[in-house]
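Residues per chain, in single letters:
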Amino acid sequence: MMRVFLDDRVSEFNQSNEKLGDFLNHVSANLPPNRIITEVVMDGIQIPKHRQREAFAKSLQRVQELQIRTADATLLAAHGLDTAISNVERLRQTLL
C-alpha cells in the first residue's frame, strides 16, 4: 500500500506500475481550479524542480509514501509579484 498525503488529507492506494507524472496529472485534474501543486515528496525525498522530468517518468510500484502539497494559485502569483517588485526596488536603490 502507498500512503498519499494531499495537504492535510491521507489516502491509501494499491501500488501500481503507474508513473508518478500520470498520477500527478490525475491529482491535478481533480483539484479545485484555483489550486496548483507546489511540492512533491516521494519516500521522504523532495523532488527538485530541475529533476522533475526524470522523476515523473518513474514507476510508483515501490513507493511507500507520497506527499503532495498545493497552494492557492492567486496567492502564489501575488507573492511572486510582491517579491519581484521588492527585488526591483532594492536594485533601484543600489544603482542610485
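In what follows, the structure referred to is the one given above.
This structure is a prediction, so every number in the text was calculated from the model and none was measured.

Conventions used here
- Residues numbered from 1 in each chain as written.
- Predicted model: local features only at pLDDT ≥ 70, side-chain atom pairs only at ≥ 80, totals over all residues.
- Heavy atoms only, no water.
- Helix = DSSP H or I, 4+ residues; strand = E, 2+ residues; numbered from the N terminus.
- Buried < 20%, exposed > 50% of the residue type's maximum accessible area, 1.4 Å probe, protein only.
- Salt bridge = Lys/Arg side-chain N within 4 Å of Asp/Glu carboxyl O.
- Pairing = 2+ DSSP bridges.
- Phe/Tyr/Trp six-rings, centres within 6.5 Å; stacked < 30°, edge-to-face > 60°.
- Polar contact = N/O pair within 3.5 Å; in protein donor to acceptor, adjacent residues only side chain to side chain.
- Contact = heavy atoms within 4.5 Å.

(A) Structural view of the environment of Ala-55. Tracing the backbone shows Ala-55 in helix H2 (residues 52–56). Accessibility expressed as a relative area gives 7% for Ala-55, which makes it buried. The sequence separation of Ala-55 and Glu-65 amounts to 10 residues, and the corresponding C-alpha distance is 15 Å.

(B) How the structure looks around the pattern of salt bridges. If you walk through the whole model with that rule in mind, you get 3 salt bridges. Of the charged contacts, one joins Arg-35 and Asp-7 as a salt bridge, the two residues approaching to 3.7 Å between their closest N and O atoms. Of the two residues, Arg-35 is situated in strand S3 (residues 35–42) and Asp-7 in the loop between strand S1 (2–6) and strand S2 (9–13); the sequence distance between them amounts to 28 residues. What makes Arg-35 partly exposed here is its relative accessible area of 27%.

(C) Summary view of the sheet that holds S1. The sheet built from 5 strands is open, its strands ordered S2-S1-S5-S3-S4 with mixed pairing. Both outer strands of the open sheet, S2 and strand S4 (45–46), are each paired with one neighbouring strand and no more.

(D) Summary view of the packing of aromatic side chains. For the structure on display, the rule yields 1 aromatic pair. A centroid spacing of 5.5 Å and a plane angle of 85° characterise the contact between Phe-13 and Phe-23, whose relative ring orientation is edge-to-face. Placement of Phe-13 in strand S2 and of Phe-23 in helix H1 (residues 20–29) is noted, with a sequence separation of 10 residues between them. In this structure Phe-13 comes out as partly exposed when scored by relative accessible area, which is 36%. What makes Phe-23 buried here is its relative accessible area of 5%.

(E) Structural context of the side chain of Thr-70. Position of Thr-70 among the secondary structure elements: in strand S5 (residues 65–72). Judged by relative accessible area, which is 11%, Thr-70 ranks as buried. For Thr-70, the side chain forms a polar contact with the side chain of Asp-7, separated by 2.3 Å. There is a polar contact of 2.9 Å between the side chain of Thr-70 and the side chain of Arg-35. Aside from chain neighbours lying at most four places away, what touches Thr-70 is Leu-6, Asp-7, Leu-31, Arg-35, Ile-36, Ile-37 and Thr-38.

(F) Representation of the side chain of Gln-67 in the model. Locating Gln-67 in the fold gives a position in strand S5. Reaching out from Gln-67, the side chain makes a polar contact with the side chain of Arg-69 at a distance of 2.9 Å. Beyond its immediate chain neighbours, meaning those up to four positions away, Gln-67 contacts Phe-5, Glu-39, Val-40 and Val-41.

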